[in-house]
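# Observations on the three-dimensional arrangement
Here's the letter readout for the chains.
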Amino acid sequence: MNPKNISYRKYKQEDFEKIFKLFVKFQAIAKISQYDSVCKNQKPLFSLPYLAGELQKLLKKHKYHYVGVNNKTDEIIAYACFDDSIILSGSIDLILVFKDEDIRYNKVFKYLLLLTIHNEFPDKRVFACLNKRDRFEEYVNFMKKSFNINLMKKDEFGRVYIEFLKWIFAEVIKKLITN
C-alpha cells in the first residue's frame, strides 16, 4: 500500500459498524488491559456487546475522531480518537488509534497518523498514554523506534506517558511519500 493511496477524514456515524469490526480484531490481538480484564475468557455473546458499548462511550466522551481510508477501495483501514489534553491545557491527547489487523504495519500507518496530527492539530502539543497490553515492552520499543517521541513517565499502573515531538513531522511526511 502506498501513502499516496490513503487519506483520512472525520468519522461519521455510519462508519460505526466498520470501525467496530476493526476494533474487535485489534482488541483480540493487542489485548488492551482495560478491555481484556472484562472480556477475558468470555463468550462473544458477552464480549461483543461490551466492546460495542466501550467504543460508543469512546465516541461520545471524546471530541475528535478520524478514519483512515484506502482511496483505491474506499475502505476504512484505521481509526484515531483525540481529545483536549488532560495533561496540559491547550494541547491534545491521542486517546486510541488502531488499524485493520489484516494489513501489516508499515510506513503507511505512520504516515496516516502523522498526517492527521500535522493537519488537524498544527499548533498543539500531542500527548498519549500507552496503556498496558499484550507484549507491552515490545509496543513501547516499537513506539520509540517508529515515532519521534519523548517518554515522559510511567505511572503506578504501568502506563507510559509520551509526547509526540512534532518539529520533524512535515519532514517525515514528505520523506514517507517520496520513498
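Fair warning: this is a prediction, and the values are worked out from it, not measured in the lab.

### Overview of the packing of aromatic side chains
- The tally for this structure, following the rule as stated, stands at 12 aromatic pairs.
- When the centroid spacing of 5.2 Å and the interplanar angle of 75° are considered together, the rings of Tyr 64 and Phe 121 count as edge-to-face. Here the residue Tyr 64 occupies a position in strand β2 (residues 64-70), and Phe 121 occupies one in the loop between α4 (107-120) and β5 (126-130), the gap between them amounting to 57 residues.
- Phe 121 gets classed as buried once you look at its relative accessible area, which sits at 4%.
- Measuring from centroid to centroid gives 5.0 Å for Phe 82 and Phe 121, while their planes differ by 50°, and the two rings are tilted. Taken together, the residues span a long stretch of sequence, with Phe 82 in strand β3 (residues 75-84) and Phe 121 in the loop between α4 and β5 at a distance of 39 residues.

### Some thoughts on the nonpolar core
- Phe 82, Leu 113, Leu 130, Met 143, Phe 147, Ile 162 and Phe 164 are the most contacted members of the largest nonpolar core, which has 31 residues in total.
- Elements supplying a minimum of two residues to this core: β1 (6-10), β3, β4 (92-99), α4, β5, α5 (136-146) and β7 (160-164).
- Per-element tally for this core: the top contributor is α4, with eight residues.
- Tyr 11, Ile 19, Ile 76 and Tyr 79 belong to the second largest nonpolar core, which has 21 residues in total.

What counts and how
Residues numbered from 1 in each chain as written. Predicted model: local features only at pLDDT ≥ 70, side-chain atom pairs only at ≥ 80, totals over all residues. Heavy atoms only, no water. Phe/Tyr/Trp six-rings, centres within 6.5 Å; stacked < 30°, edge-to-face > 60°. Helix = DSSP H or I, 4+ residues; strand = E, 2+ residues; numbered from the N terminus. Buried < 20%, exposed > 50% of the residue type's maximum accessible area, 1.4 Å probe, protein only. Core = buried A, V, L, I, M, F, W, Y, C linked by side-chain atoms within 4.5 Å.

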